[in-house]
Amino acid sequence: MTGSICGTGSYIPHYAMDNNAVADLVETSDEWIRERTGVIRRHIITEETTTSMAAEAGRRALEDAGLPAEEIDLILVATISSDALLPCTACEVQKTLGAVNATCFDLGGAACTGFVLAYNTAEAYLASGVYKTALIIGSESLSALTNWKDRGTCILFGDGAGAAVLKASEQRRYLPVTHSEGAKGEALVCKSRYDSNGLTKKCNECIPEEKYFIRMDGQAVFKFAVRKVPEVIEEVLEKNSLSKEDIDLYILHQANKRIVEAVAKRLGEPMEKFPVNVQEYGNTSSASIPILLDELNGAGKLKPGQKLLLAGFGAGLTWGASVLGTAET
Ligand code: COA
């Protein structure tokens, strides 16, 4: 038993912010951003929220799967930018969609590996027979965590949501490989906005504002990604007795076009097997993989019987890869 994807959906905020608009805020240029990252524009929330985007992406995925909301047993939302601590985003999605029979929880803090971990979690529930259907979502309003005065980070991130519906199926099960290295976590940090208890700890005033936004050692993260992602891909292939030739598409977290190109080169695989959409959305953290999946699905590029390899990497540091087969019918 495993969990097979039988529907996808996404929601992209209406407002598209191009590189020139970023260059109005910090000293940078369209040319520099394109060359170093591949990003041309990102979409930023106006009236949307992390919850509303998650719910709409989820609704579209259910529609694509042809599944009524009441048939969903599990809703998982991967996010580092939830609108509230309580209730969790997954419960809010349940309420909006009327998925009254679902168990709901968020995977917070897993950042850009979040969707891969959500897939692994849901797949394990489905494979063990606990649940039969799951809706997994990555939704992020990274614009709220971005320091729009820091050119080292604000050029990269964007907002959006993507979702997939999984159904228990008799297809072959592939086991994932995941890693964490907390000792290197300083490379990508964002302090909690709730670090005062109002009783024994002083309020936030003494802490510089920048700490509440994403801070990153860009070069360290870049080096980590181009070394660890090819390694974990090789590991997951070996674990499942697969070869690179068996994989039809590598769906990588969309952090930077140069990272994807470097991974393809290290693996000796052609770029045609590595779809890229970072140019349109920037890095949307946990949402990037399901947004890409939905784009491929919408374009008719996901065919029955394919093997997809998902790979995520990011804050923690965390990284991992999972193989899944597309539905065979
Ligand atoms: N615009 C113009 N110049 C910039 C700039 C910007 N936005 N940001 C940095 N620079 C400058 C630097 O000051 C430096 O100038 P100097 O040589 O005069 O000192 C020069 O460009 C090179 O800086 P560097 O930090 O080496 O650039 P880079 O090639 O490493 O690119 C990133 C920076 C952030 C794009 C890149 O490191 C990256 O993508 N890292 C991975 C980030 C990531 O994916 N994070 C999320 C993971 S989930």
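Structure shown above.
What comes next concerns the included structure.

Looking at the secondary structure, you find Y212 in the loop between strand 9 (188-189) and strand 10 (215-216). Y212 sits in the buried class, given a relative accessible area of 10%. Between the alpha carbons of Y212 and L145 there is a distance of 7.1 Å; along the sequence they are 67 residues apart.

Across the junction of L86 and P87, the peptide omega takes the value -10°, indicating a cis bond. Along the polypeptide, P87 turns up in the loop between strand 4 (74-79) and helix 4 (89-97). The linkage connecting G316 with the following residue, L317, adopts the cis geometry, with an omega of -5°. Topologically, L317 is positioned in the loop between strand 12 (307-314) and strand 13 (318-325). Of note, S241 is a non-glycine position whose phi angle comes to about 50°, a positive value. Among the structural elements, S241 can be located in the loop between helix 6 (218-239) and strand 11 (249-252). Residue classification places S241 among the exposed residues on the basis of a relative accessible area of 68%.

Okay, the nonpolar core next. I233, Y250, L252, V263, F274, L309 and F313 are the most contacted members of the largest nonpolar core, which totals 47 residues. Looking at this core, the elements with two or more residues in it are helix 6, strand 11, helix 7 (257-267), strand 12 and strand 13. Element by element, the count of residues in this core is highest for helix 6, at nine residues. When sequence neighbours within four positions are dropped, the list of residues in contact with Y250 reads I233, K244, L267, E269, K273, F274, P275 and L309.

Around the ligand, the surrounding shell holds 23 residues, and the nearest of these are T28, R36, G218, Q219 and N256. A distance of 2.7 Å separates an oxygen atom of the ligand from a polar side-chain atom of N256. In isolation the ligand exposes 950 Å². Once the protein is present, 72% of that is buried. Those elements that place two or more of their residues in the shell around the ligand are helix 2 (30-37), helix 6, helix 7 and strand 12. Looking at the shell around the ligand, the element that brings in the most residues is helix 6, giving four residues. For the shell around the ligand, the per-class residue count stands at ten nonpolar, nine polar and four charged.

Reading the values: the criteria
- Residues numbered from 1 in each chain as written.
- Predicted model: local features only at pLDDT ≥ 70, side-chain atom pairs only at ≥ 80, totals over all residues.
- Heavy atoms only, no water.
- Helix = DSSP H or I, 4+ residues; strand = E, 2+ residues; numbered from the N terminus.
- Buried < 20%, exposed > 50% of the residue type's maximum accessible area, 1.4 Å probe, protein only.
- Core = buried A, V, L, I, M, F, W, Y, C linked by side-chain atoms within 4.5 Å.
- Contact = heavy atoms within 4.5 Å.
- Near = heavy atom within 4 Å.
- Polar contact = N/O pair within 3.5 Å; in protein donor to acceptor, adjacent residues only side chain to side chain.
- Areas by Shrake-Rupley, 256 points an atom, 1.4 Å probe, with all protein chains shown as cover.
- Nonpolar A, V, L, I, M, F, W, Y, C, P; charged D, E, K, R; others polar.

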